[in-house]
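Summary of the model geometry
The lines below spell out each chain.
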Amino acid sequence: IQIDATGGLVTTAAPVSANGGLLKLTAHSPITIGSGGLNATGNMILSAMTPSPASAIRLDGPLVAGGTVAVDAHAGIIQNASISGQNIALATSTGNIAVAGGAVSTVPTGGSISYSAVAGTITSTPVNFAGATPTLSESSGTRGGTGSSTTTTDIANSIAKTTAALADDKAKAPETPPPAPAETS
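Residues numbered from 1 in each chain as written. Predicted model: local features only at pLDDT ≥ 70, side-chain atom pairs only at ≥ 80, totals over all residues. Heavy atoms only, no water.

1. What about the overall build of the protein chain?
For the protein chain, the helix and strand inventory stands at one helix and 19 strands. Put simply, the protein chain has 185 residues, and 36% of those count as buried. Sequence-distant contacts in the protein chain: of pairs separated by 6 or more residues, those separated by 24 or more amount to 31%. Looking at the protein chain as shown, the accessible area adds up to about 9500 Å², and 58% of this sits on carbon and sulfur atoms. (Helix = DSSP H or I, 4+ residues; strand = E, 2+ residues; numbered from the N terminus. Buried < 20%, exposed > 50% of the residue type's maximum accessible area, 1.4 Å probe, protein only. Contact = heavy atoms within 4.5 Å. Areas by Shrake-Rupley, 256 points an atom, 1.4 Å probe, with all protein chains shown as cover.)

Below you can see the structure in the form of structure tokens.
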């Protein structure tokens, strides 16, 4: 399925599926994905790149692809739902990327997650990503949010601390289990 709209695109609570491969939506205004989300057996591409503050993308429903998921907006991207695919790439040329607390971007082992806000900020937490450590690139300006923005380094440090804690727990565990208590009559 390939749609190129002269205005905006809006989906509803009904899912939109491309069971034969590619799902590509291009709009010259905003794209809003409703709660039904989008499904594709191949790649999925959402693009709202007309140089306008209205060229934003709002994801209120899940995106599920058998291939790569690419979301490109001139203005901002608001991710309120989960995304899964072999690789995930979100990019804005002038706006911010905001990821809601319950929205998770998931890739399989060997997949990649890349979020880029060239002239904006990325607001996310480590729990927003699964399967790969994301690459988060943003402008050199002030980060968005108050303590909720997370860099790739923050996520890598969190993973390292968890791994170290698990290794420490394993080191403290006895090699053989303690003997069973003796039965008393």
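On we go from here.
2. Looking at the pattern of salt bridges
The final tally for this structure, using the stated rule, is one salt bridge. The partner of Asp60 in a salt bridge is Arg58, and the shortest N-O contact between them spans 3.0 Å. Owing to a relative accessible area of 35%, Arg58 belongs among the partly exposed residues under this scheme. (Salt bridge = Lys/Arg side-chain N within 4 Å of Asp/Glu carboxyl O.)

3. Observations concerning the packing of aromatic side chains
Scanning the entire structure with this criterion turns up one aromatic pair. Each ring, one from Tyr115 and one from Phe129, has its centre 5.3 Å from the other, and the planes form 85 degrees; the classification is edge-to-face. Pair noted here: Tyr115 is in strand β16 (residues 113–117) and Phe129 is in strand β18 (residues 129–130), with a separation of 14 residues, a long-range link. When sorted by exposure, Tyr115 lands in the same class as Phe129, which is buried. (Phe/Tyr/Trp six-rings, centres within 6.5 Å; stacked < 30°, edge-to-face > 60°.)

4. Some details on the pairing of strand β4 (residues 23–27)
Across the five residues that make up β4, a large majority, four, are buried. Examined bridge by bridge, strand β1 (residues 2–5) and β4 share four bridges and lie parallel to one another. The partner of Asp4 across the bridge, within β4, is Thr26. (Pairing = 2+ DSSP bridges.)

5. Some remarks on the environment of Ser17
Structurally, Ser17 can be placed in strand β3 (residues 16–18). Judged by relative accessible area, Ser17 falls into the partly exposed class, the value being 32%. With 16 residues separating them in the primary sequence, Ser17 and Ile1 have C-alpha atoms 8.5 Å apart. With residues up to four places along the chain from it excluded, the contact list for Ser17 reads Ile1 and Asn39.

6. Thoughts on the sheet that holds strand β10 (residues 68–73)
Here seven strands make up an open sheet; going across it, the order is β1-β4-β7-β10-β13-β16-β19 and the pairing parallel. Only two strands of the sheet have a single neighbouring strand rather than two, namely β1 and β19 (135–138). Direction aside, the axes of adjacent strands within the sheet are offset by 5 degrees on average. Pairing between β10 and strand β13 (residues 87–92): six bridges, direction parallel. When the bridges of β13 are listed, Thr68 appears paired with Asn87. (Axes fitted to C-alpha atoms, helices over the stretch in contact; angles between N-to-C directions.)

Worth remembering: the numbers are spatial, not functional.
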